[in-house]
Amino acid sequence: MTNSLSSALPRPAGVAEKPGSGLRIGVLALQGDFREHLRAVETAGAAGVGVRRPAELEGLDGLIIPGGESTAIDKLARAFDLAEPLQQRIADGLPVYGSCAGMILLAHDIADPAADLAGNPQQTFGGLDITVRRNAFGRQRESFETDLDFKGLEFSATEQGVAPVHAVFIRGPWVERVGPGVEVLAQVEPADQEHASHAADLQGTARIVAVRSGQLLATSFHPEVTGEKRVHELFIRMIRGEA
Ligand code: GLN
């Protein structure tokens, strides 16, 4: 773990330590909404590092793969020689959080991969033993919002319990298969749709939208755009070995 100089200095009395203080968290900054994730980790008190080159993977305590377009991030990562070192770091146990396109890039398998002009299917970094389906929630609605029960956020409980996570989905994937060792953290239930701003097409089945396996975390939705801080805090706790 990298400690910045400031975290080694005594803190003035009464100034609360932020959850991410002293951590260096990279955000893959090839395409997509990496700025929002950089802001989220910095709000949590961590140092945020935009990652575009293999050398920028050095010294990170964790990495976030943002939402965006998984095919573009895949192509750029290979063009920038980042894909292999990133796969190696994931295999070595680097904590990684992927949101939306980031979830797709962490998945072992894509049910409906896109192909490039030569017919080659898109690739992923892998690491999470799941199969995802891209743009899964129905074509007529590109995005929808709903409230989710989300496991693992007990640290945020009040007397009323753990508040639901308000989730924004933007052409997001769902998880169609989870392998052994993959924990389901949240699902969109058909009943949740009563409260959703737009109904998603779940085809009558609860759909998995957040998972964790070891040091890897993935969500189909975008906590970085709603001001929801707890998913990034959960990731920070995973980095610290507290979750
Ligand atoms: N549909 C996009 C993809 O397949 C993901 C959308 C997002 O990240 N908001 O990569």
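Before reading on, note that the structure itself is shown above.
Everything in this summary refers to the structure shown in the same document. (Residues numbered from 1 in each chain as written. Predicted model: local features only at pLDDT ≥ 70, side-chain atom pairs only at ≥ 80, totals over all residues.)

**Examining the overall build of the protein**
Next up, step 1: In terms of helices and strands, the protein carries six helices and 12 strands.
Next up, step 2: A total of 243 residues make up the protein; the buried ones form 42% of that total.
Next up, step 3: Of the contacts made within the protein by residues no fewer than 6 positions apart, 70% connect residues no fewer than 24 positions apart. (Helix = DSSP H or I, 4+ residues; strand = E, 2+ residues; numbered from the N terminus. Buried ≥ 20, exposed ≤ 12 C-beta atoms within 10 Å, placed from the backbone. Contact = placed C-beta atoms within 7 Å.)

**A closer look at helix α4 (residues 83-91)**
Next up, step 1: Those residues of α4 that sit buried are A83, L86, R89 and I90. What you see down the axis of α4 is that its buried residues fit within an arc of 125°, all on one side. Residues of α4 that are exposed and point more than 90 degrees away from the buried face comprise E84 and A91.
Next up, step 2: Those residues of α4 hidden inside the fold are in contact with α3 (70-79) and β4 (96-99). (Arc of directions from axis to C-beta.)

**Structural notes on α3**
Next up, step 1: The complete set of buried residues in α3 reads S70, T71, I73, D74 and A77. Buried residues of α3, viewed axially, fall in a sector of 165°; they line one side.

**Examining the nonpolar core**
A general feature of soluble globular proteins is that nonpolar side chains tend to end up buried together.
Next up, step 1: Core analysis: the biggest nonpolar cluster contains 64 residues, and L28, L106, A107, V132, V211, A218 and F235 have the highest contact counts within it.
Next up, step 2: Discounting residues that sit within four places of it in the chain, F235 has contacts with G62, P95, Y97 and L217. (Core = buried A, V, L, I, M, F, W, Y, C linked by C-beta atoms within 7 Å.)

**Regarding the pairing of strand β11 (residues 207-213)**
Next up, step 1: Counting buried residues along β11, six of its seven residues qualify, which places the element largely inside the surrounding structure.
Next up, step 2: When strand β10 (residues 183-188) meets β11, the two strands line up antiparallel, connected through five bridges. Pairing of V188 across the sheet is with R207, part of β11.
Next up, step 3: Where β11 meets strand β12 (residues 216-219), four bridges bridge the pair, whose relative direction is antiparallel. Across the sheet, the residue bridging to S213 is L216, located in β12.
Next up, step 4: Between β11 and β12, which follow one another and run antiparallel, lie two residues, and G214 among them has a positive phi close to 55°. (Pairing = 2+ DSSP bridges.)

**Focus: the pairing of strand β8 (residues 165-170)**
Next up, step 1: Residue alternation in β8 divides its side chains into a buried set, V165, A167 and F169, and an unburied set, H166, V168 and I170.
Next up, step 2: Both strand β7 (residues 143-148) and β8 contribute to a ladder of six bridges, which runs antiparallel. Looking at the pairing, S143 lines up with I170 of β8.

**Topic: the environment of A243**
Next up, step 1: By secondary structure assignment, the location of A243 is in the segment after α6 (230-240).
Next up, step 2: Exposure remark for A243: the 16 C-beta atoms within 10 Å place this residue in the partly exposed category.
Next up, step 3: With 88 residues separating them in the primary sequence, A243 and F155 have C-alpha atoms 9.5 Å apart.
Next up, step 4: Filtering out sequence-adjacent residues up to four positions away, A243 remains in contact with G152, L234, R237 and M238.

**What about the environment of E228?**
Next up, step 1: Tracing the chain through its elements places E228 in the loop between β12 and α6.
Next up, step 2: A residue is classified by how many C-beta atoms lie within 10 Å of it, and E228, with 19 of them, is partly exposed.

**What to know about the environment of L128**
Next up, step 1: If you trace the backbone, L128 turns up in strand β6 (residues 128-133).
Next up, step 2: For the pair L128 and A107, spaced 21 residues apart in the sequence, the C-alpha separation amounts to 5.0 Å.
Next up, step 3: The residues contacting L128, other than those within four sequence positions of it, are L106, A107, H108, V182, V211, S213, L216 and A218.

**What about unusual backbone geometry?**
What is expected of a backbone is that most residues other than glycine have negative phi and most peptide bonds are trans.
Next up, step 1: The phi dihedral of D81 is positive, around 55°, even though this residue is not glycine.
Next up, step 2: Among the secondary structure elements, D81 is positioned in the loop between α3 and α4.

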